[in-house]
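As a plain string of letters, each chain reads:
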Amino acid sequence: MLTHTLKWRARTRPDSITWRDVAKEGSTGKQYVPGVDVKGRNVLVMRPGRENSKEHAGNIRFLVYMLEKATWREDAPEHPPLGQAADHSSEKLVILIDFSGWTLSTAPPMKTSKETLSILQDHFPERLAVAVCYNPPWIFAVFWKAISPFIDPVTYRKIRFVNPKREKEMKRMGAMFDMKNVIESDMGGEVDPTFDLAKFAAENNALDARRKEVMALCE
């Protein structure tokens, strides 16, 4: 698995992808990192209802860029915990998928969905803590039936569905996230859901510059 992933990284070069390369894909706010969950794990929000492209390569490149961003850390402890019992939970990420506005017409092609799963399962192993599917419409069942056979059993057990009309499920979501500072109001939180492209671009450009500095130190 490690050899396969190293070959994938050598071919894909995810560390070389910059905001400039994916700005068009990211212009609608279909993926972003608003903060961390209650356990300090980065949250990657995906909003497929804001999909603006059917281009397979572009979507995958943007996904990889955002996964690299979501797993980027500079606050690693000087003496990291070692051994089988070491707690590395803060190095994992939480994916929150808001299906509001999602339709079969905006759903990515099956090829893109399958490669997305492959990247998450094969090339970011043990990074996913939990995936929360918020407000999936009834028609989503058609897509789910088609894609679920390709989901690894370990990954499948990490998937949670949240119906905003079910109080118990919303309470469970509230226990996972800082609803006041991280989650937007259209997902039951208190944050303004308006997407600020200029702020998002500046944030990504700053991260790209910092990553370049760190990579130069490693050469």
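Everything below is about the structure shown above.
Residues numbered from 1 in each chain as written. Predicted model: local features only at pLDDT ≥ 70, side-chain atom pairs only at ≥ 80, totals over all residues. Heavy atoms only, no water.

## Overview of the overall build of the protein
Selection rule: Secondary structure elements follow DSSP: runs of H or I no shorter than four residues count as helices, runs of E no shorter than two count as strands, and numbering proceeds from the N terminus. Here the radius of gyration uses the C-alpha set of atoms, whereas the globule reference equals 2.2 Å times the residue count to the power 0.38.
Looking only at helices and strands, one finds 8 helices and 5 strands in the protein. Overall, the protein shows an N-to-C arrangement of helices and strands of α-α-β-β-α-β-α-β-α-α-β-α-α. A globule of 219 residues ought to have a C-alpha radius of gyration of about 17 Å, and the protein, at 17 Å, matches this closely. In terms of its C-alpha atoms, the protein occupies a principal-axis envelope of roughly 50 × 40 × 40 Å.

## Description of the environment of Asp 178
Threshold: Only protein chains enter the area calculation, which uses a 1.4 Å probe; residues under 20% of their type maximum are buried, those over 50% are exposed, and those in between are partly exposed. Pairs of residues are marked as contacts when any of their non-hydrogen atoms sit within 4.5 Å. Contacts described as polar in this section are N or O atom pairs within 3.5 Å, which, within protein, must combine one atom able to donate a hydrogen with one able to accept it, while residues neighboring in sequence count only if both atoms come from side chains.
Inspection of the secondary structure puts Asp 178 in the loop between α7 (167–176) and α8 (197–218). With a relative accessible area of 30%, Asp 178 lands in the partly exposed category. Those residues in contact with Asp 178 that lie beyond four places of it in its chain are Val 38 and Ile 183. At 3.2 Å, the side chain of Asp 178 and the backbone nitrogen of Lys 180 are in polar contact.

## Some points on α7
Applicable threshold: The arc in question is traced by the directions running from the helix axis to the C-beta atoms.
Those residues of α7 that sit buried are Glu 169, Met 170, Met 173 and Met 176. Viewed end-on, α7 has its buried residues packed into an arc of 110 degrees, placing them on one side of the element. Exposed residues pointing more than 90 degrees away from the buried face of α7 are listed as Glu 167, Lys 168, Lys 171 and Ala 175. Buried residues in α7 make contact with β3 (93–98), β4 (128–134) and β5 (159–162).

## Focus on the environment of Trp 72
In this structure, Trp 72 sits in the loop between α3 (56–70) and β3. Trp 72 sits 30 residues away from Asn 42 along the chain, and the two C-alpha atoms are 9.2 Å apart. Trp 72 has contacts with Asn 42, Leu 207, Arg 210, Arg 211 and Val 214, leaving out every residue within four places of it along the chain.

## Quick look at the packing of helix α4 (residues 110–123) against helix α5 (residues 140–147)
Applied cut-off: Comment: axis = line fitted to C-alpha atoms, over the contacting stretch for helices; angle = value between 0 and 180 degrees taken between N-to-C directions. The labels follow the angle: roughly parallel below 35 degrees, roughly antiparallel above 145, roughly perpendicular from 65 to 115, and oblique for the rest. By convention the crossing between two helices is left-handed if the near helix lies anticlockwise of the far one by an angle smaller than a right angle, and right-handed if it lies clockwise.
Orientation of α4 relative to α5, taken along the N-to-C sense of each, is 60 degrees, at an axis distance of 11 Å. Looking at the two axes, α4 sits oblique to α5. In this structure, α4 meets α5 at a crossing whose hand is right-handed. Facing Met 110, Ser 113, Lys 114 and Leu 117 of α4, the residues of α5 in contact are Phe 143, Ala 146 and Ile 147.

## Section: the nonpolar core
Just so we agree on the cut-off: Definition of nonpolar core: a set of buried residues of the types Ala, Val, Leu, Ile, Met, Phe, Trp, Tyr and Cys, connected through side-chain atoms within 4.5 Å.
One finds Leu 44, Ile 95, Leu 96, Met 173 and Phe 177 to be the most contacted residues of the largest nonpolar core, which totals 54 residues. When neighbours within four sequence positions are excluded, Ile 95 is seen to be in contact with Leu 44, Met 46, Leu 120, Leu 128, Val 130, Ala 131 and Val 132.

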